[in-house]
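Overview (structure and organization)
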Amino acid sequence: MTTRFGLLSLAREALRGHRGWAPQWRSPERPQPAYDVVIVGGGGHGLATAYYLAKEHRHVGRIAVLEKGWIGGGNTGRNTTIIRSNYLFPESAALYDHAVRLWDGLSRELDYNVMFSPRGVMMLAHSVHDEQVFRRHVHANRLDGVDNEWLTPAQAKAFCPPLDIACARYPVLGAALQRRGGVARHDAVAWGYARAASALGVDIIQECEVTGIARDPRGGAVTGLETTKGTVRCPRIGVVAAGSTSLLMAMAGLRMPLESFPLQALVSEPVKPVFPCVVMSNTVHAYISQSDKGELVIGAGTDGYNSYSQAGGVQVLSHALEAVCELFPTFRRMRMLRSWGGIVDTTPDRSPIIGTTPVPGLFVNCGWGTGGFKATPGSGHVFAATIATGAPHPIAAPFALERFTTGRLIDEAAAAAVAH
Ligand SMILES: Cc1cc2nc3c(=O)[nH]c(=O)nc-3n(C[C@H](O)[C@H](O)[C@H](O)COP(=O)(O)OP(=O)(O)OC[C@H]3O[C@@H](n4cnc5c(N)ncnc54)[C@H](O)[C@@H]3O)c2cc1C
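Numbering of residues starts from 1 in every chain and runs along the sequence as written. Since the coordinates come from a predicted model, pLDDT governs what is reported: local features require at least 70, and pairs of side-chain atoms require 80 or more to be given and counted, while whole-chain, interface and lining totals use all residues. Hydrogens are left out, water is left out, and the side-chain values use all remaining heavy atoms of the structure.

Nearness is defined per residue: one heavy atom within 4 Å of the molecule or strand is enough. With respect to spatial proximity, 37 residues lie near the ligand, and among them E67, N75, T76, T80 and K374 are the closest. The backbone of G44 places a nitrogen or oxygen atom 3.2 Å from an oxygen atom of the ligand. Under this definition, polar contacts are N or O atom pairs within 3.5 Å; protein pairs additionally need one hydrogen-donor-capable and one acceptor-capable atom, and for neighbouring residues in sequence, both atoms have to be side-chain atoms. In the environment of the ligand, an oxygen atom lies 2.7 Å from a nitrogen or oxygen atom belonging to the side chain of T80. Each accessible area value is a Shrake-Rupley result obtained with a 1.4 Å probe; residue values ignore everything except the protein chains displayed when judging cover. Against a free-state accessible area of 1000 Å², the protein chains account for coverage of 97% of the ligand. Numbered from the N terminus, helices here are DSSP runs of H or I no shorter than four residues, and strands are runs of E no shorter than two. Of all the elements in the fold, those that place two or more residues in the shell around the ligand are α2 (44-56), β11 (259-268) and β15 (336-346). With three residues, the top contributor of residues to the shell around the ligand is β11. Ten residue types, Ala, Val, Leu, Ile, Met, Phe, Trp, Tyr, Cys and Pro, are classed as nonpolar, four, Asp, Glu, Lys and Arg, as charged, and the remainder, Gly among them, as polar. Its residues assigned to classes, the shell around the ligand comprises 14 nonpolar, 18 polar and five charged. The residues that make up the shell around the ligand include at least three from each of domain 1 (28-81 + 186-257 + 349-406) and domain 2 (121-179 + 259-345). An automatic or database domain assignment is the source of the domain bounds shown.

Attention now moves to the sheet that holds strand β7 (residues 210-215). Hydrogen bonds along the backbone pair up the strands of a sheet, which may run parallel or antiparallel. Strand pairing is assigned whenever DSSP detects at least two bridges linking the two strands. Ordered by their spatial adjacency, three strands build an open sheet running β7-β8-β9, and the pairing between neighbours is antiparallel. With partners counted over all chains shown, the strands left at the sheet margins are β7 and β9 (230-233), one partner each. Neighbour to neighbour, the strand axes of the sheet diverge by 20° on average, direction disregarded. Strand direction decides the pairing type here: β7 and strand β8 (residues 222-227), joined by five bridges, are antiparallel. If you follow I213 over to β8, its bridge partner there is L225. In this analysis an axis means a line fitted to C-alpha atoms, helices contributing only their contacting stretch, and an angle means the value between N-to-C directions, from 0 to 180 degrees.

The next point concerns the nonpolar core. Judged by nonpolar contacts, the single largest core of 49 residues is most densely connected at L53, W103 and Y193. For this core, the secondary-structure elements that each account for two or more residues are β1 (37-40), α2, β2 (63-66), α3 (90-104), α4 (106-110), α7 (186-199) and α10 (376-389). Residue contacts are defined here by distance: any two heavy atoms, one from each residue, within 4.5 Å place the two residues in contact. Among residues more than four places away in sequence, those in contact with W103 are I83, V114, F116, A184, V189, F373, K374, T376 and P377. Buried Ala, Val, Leu, Ile, Met, Phe, Trp, Tyr and Cys residues that are joined via side-chain atoms within 4.5 Å together make up what is termed a nonpolar core. Each residue gets one of three labels from its accessible area relative to the maximum for its type: buried under 20%, exposed over 50%, partly exposed in between, using a 1.4 Å probe on protein chains only. Formed by 30 residues, the second largest nonpolar core is a distinct cluster that contains Y170, I288, L317 and M334.

Each assigned domain of the chain is listed with its residue range as follows: domain 1 (28-81 + 186-257 + 349-406) and domain 2 (121-179 + 259-345). Relative placement of domain 1 and domain 2: their C-alpha centres are 30 Å apart. Contacts between the two partners involve 15 residues from domain 1 and, on the opposite side, 18 residues from domain 2. For the domain 1 and domain 2 pair, buried surface summed over both sides reaches about 1200 Å², with 50% attributable to carbon and sulfur atoms. In the sections that follow, a salt bridge refers to a side-chain nitrogen of Lys or Arg positioned within 4 Å of a carboxyl oxygen of Asp or Glu. Counting the contacts that link domain 1 with domain 2 gives zero salt bridges. Applying the counting rule to domain 1 against domain 2 returns eight residue pairs in polar contact (both at pLDDT 80 or more). The term buried area refers to how much accessible surface (probe radius 1.4 Å) is lost by two components on association, counted for both of them together.

Think of a 1 Å grid over the protein atoms and nothing else: a 1.4 Å probe that fits but is trapped marks a cavity, an open set flanked by protein within 12 Å on at least five of seven lines marks a pocket, and residues with an atom within 4 Å of a point count as lining. Grid points are joined across faces, edges and corners, and a volume is the space filled by probe spheres set on the points. For the structure shown, the criterion picks out two cavities of 30 Å³ or more. Taken as a whole, the second largest cavity spans an internal volume of roughly 30 Å³. Every residue along the wall of the second largest cavity is listed here: V279, S281, A286, Y287, I288, V324, L327 and F328. Those elements that place two or more of their residues in the lining of the second largest cavity are β12 (278-281), β13 (286-290) and α9 (314-327). Here the element with the most residues in the lining of the second largest cavity is β13; it accounts for three residues. Looking at the lining of the second largest cavity residue by residue, the class counts come to seven nonpolar, one polar and no charged.

The phi torsion of most residues other than glycine is negative, and most of the peptide bonds are trans. Although it is not a glycine, M115 adopts a positive phi angle of roughly 55°. Residue position: M115 is located in the loop between α4 and β3 (121-125). We classify M115 as partly exposed; its relative accessible area is 28%. In this structure, H285 takes a positive phi of about 60° despite not being glycine. In this fold, H285 is placed in the loop between β12 and β13.

Centres within 6.5 Å are what make two rings of Phe, Tyr or Trp a pair, Trp counting through its six-membered ring; a difference in plane orientation under 30 degrees is then read as stacked, over 60 as edge-to-face, and the rest as tilted. Enumeration according to the criterion identifies 12 aromatic pairs in this entry. Between Y96 and W368 the ring centres are 5.9 Å apart and the planes differ by 85°, which places this aromatic pair in the edge-to-face class. A residue pair is termed long-range when its members are at least 10 positions apart, and Y96 in helix α3 and W368 in the loop between β17 (362-366) and α10 qualify at 272 residues. Per residue, the accessibility class of Y96 equals that of W368, and both read buried. Grouping aromatic residues by their ring pairs yields a cluster made of F5, W21 and Y112.

As a further point, take the side chain of R119. Locating R119 in the fold gives a position in the loop between α4 and β3. A distance of 2.8 Å separates a polar atom in the side chain of R119 from the backbone oxygen of Q290. Among residues more than four places away in sequence, those in contact with R119 are F159, R179, G181, G182, V183, P276, C277, V278, Q290 and D292.

What the second largest pocket holds in volume is close to 470 Å³. R185, H186, S291, K293 and E295 are, among the 22 residues lining the second largest pocket, the residues nearest its centre. Counting only elements with at least two residues in the lining of the second largest pocket, the list comes to α7, β13 and β15. Class assignment for the residues of the lining of the second largest pocket results in six nonpolar, nine polar and seven charged.

Laid out in structure tokens, this is it:
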């Protein structure tokens, strides 16, 4: 029985030193011998998929999430949590804005505080090219009904006072601002979805690595999975494994148009509130916000080589820090507390892949690269519908795997040169 959070339960626990909270989700040691749907990957996207499957598509039957480590231990718990939907193409704006609308009521929906904070995301223009690109985004977003506005350098400074708009190396020529954008607490997103999915009967099995995908020798449809905790029979599998997706899909004989790269972030020592919004600079590839604990959260670019390691080159971090120090001179004396890396899965057009595959019963949700946290609720919602019906959800349809053979790319990489 899941505890409902409310004034009374919080007050009761506060008075007895928070010793009475029960575990927030069931954590079975082993999977059952058979399920109707198995989601591989217990990150935010996989857990959200399981939750929406159980909530909106009960008829699919028994659902499990298999996670090789601990839930949220992949990119979900390693990202800088920027949320926005001001992408260039209508297909992307529809997908990411679907997510932003779900973020808005998510804490209430899950009865779990995911700390969504729409404090505004400002993207800096440092060159005439940047300015033209961002102004084009502003116009395109307005046509799509997505908020995005152009700020002059003075308006950008007023929105984010620590910003040095006259910075010699990276002068600020203006900025695109999405006021509905912001940040959320990443762990809480994984935990909130896990808790709500578990309450609806989903089995979440941690430390259970999928090592093989079994297929029917006649029709080729999936029949089950090999795991480090035994064999699981299952007619429908959704792979949501971010940087490890290619490895999993290869187990079913599929080669994916994905490359995996390390992407790093770091946090400073905590300080009082000094940074009111989120700032991104695509030109220098640094992005920054302040967590509720007070740490400056800083993201860097991807390393230049493919890797499955959750660590990257020091020079990439130092490049991002140099840029941050030039844009925000007041942070020069801050000390950095820790850094880490994740493995991001990027597609040639920097848009995700969501949908069916040539293998009957096998579905995939991947390719979110450096920018999938923001999409977590929307991604899970449309992927659940896709798995439940066997046909792509209308918002997911343009993101099908086939676009790499038909050529109908959604080229956000060419549009923005970055897709955080
Ligand atoms: C440093 C960094 C900064 C980022 N900043 C942002 C940002 O500001 N905004 C934004 O929107 N996005 C950002 N991202 C990207 C974002 O984190 C990801 O796109 C998103 O979290 C992907 O979620 P997921 O659930 O698909 O993947 P994950 O959270 O990685 O979950 C996949 C899970 O699959 C599991 N798995 C893998 N192989 C197996 C197996 N064989 N068997 C079982 N389980 C398996 C993994 O252990 C993992 O837990 C950033 C990423 C990084 C690394």
